[in-house]
Amino acid sequence: MKFAIALYSPAHAPSSRRALLFAQAALAAGHEIVRLFFYQDGVHSASSTVVTPQDELDVPAQWREFVTSSQLDGVVCIAAALRRGVLNEEEARRYSRTAASIAAPWELSGLGQLHDAVQAADRLICFGGP
């Protein structure tokens, strides 16, 4: 089965960890993940500036490692990211900000990427939300 996964919740919300565990289990079971799409507060899971207390799981780091090691398409909604100050180098320069807060393996892109993923997948699985 082909899955598209959308994450709407903040980096340290329980649903972010559940989304990660689901994605790991899906790949382990032989399924395919067409795309991971981080939207609304889910964009914080891609931020390299999130600091996790030492006694907690560093979910953003786990996402980064998972996307990198599994060679997945990790897309961060550009509109949601900009609104929340989550910028790559290009957007930081464009808006005259002093620092970027995301880098590879993440890609900033629009909602069209979610639409394309839904068209290519058998199922869209969403975690978190309004």
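Keep in mind the model is a prediction, meaning the values are calculated, not measured.

1. A few points about the side chain of Ser 15
Then comes step 1: Inspection of the secondary structure puts Ser 15 in helix H1 (residues 14-28).
Then comes step 2: In this structure Ser 15 comes out as buried when scored by relative accessible area, which is 10%.

2. Topic: the environment of Phe 127
Then comes step 1: Note that Phe 127 resides in strand S5 (residues 123-127).
Then comes step 2: The class for Phe 127 is buried, based on a relative accessible area of 13%.
Then comes step 3: In sequence terms Phe 127 and Ala 79 are 48 residues apart; their C-alpha atoms lie 19 Å from each other.
Then comes step 4: If near-sequence neighbours (up to four positions away) are discounted, Phe 127 is found in contact with Ile 5, Ala 6, Leu 7, Tyr 8, Ser 9, Ser 15, Arg 18, Ala 19 and Phe 22.

Criteria and cut-off values
- Residues numbered from 1 in each chain as written.
- Predicted model: local features only at pLDDT ≥ 70, side-chain atom pairs only at ≥ 80, totals over all residues.
- Heavy atoms only, no water.
- Helix = DSSP H or I, 4+ residues; strand = E, 2+ residues; numbered from the N terminus.
- Buried < 20%, exposed > 50% of the residue type's maximum accessible area, 1.4 Å probe, protein only.
- Contact = heavy atoms within 4.5 Å.

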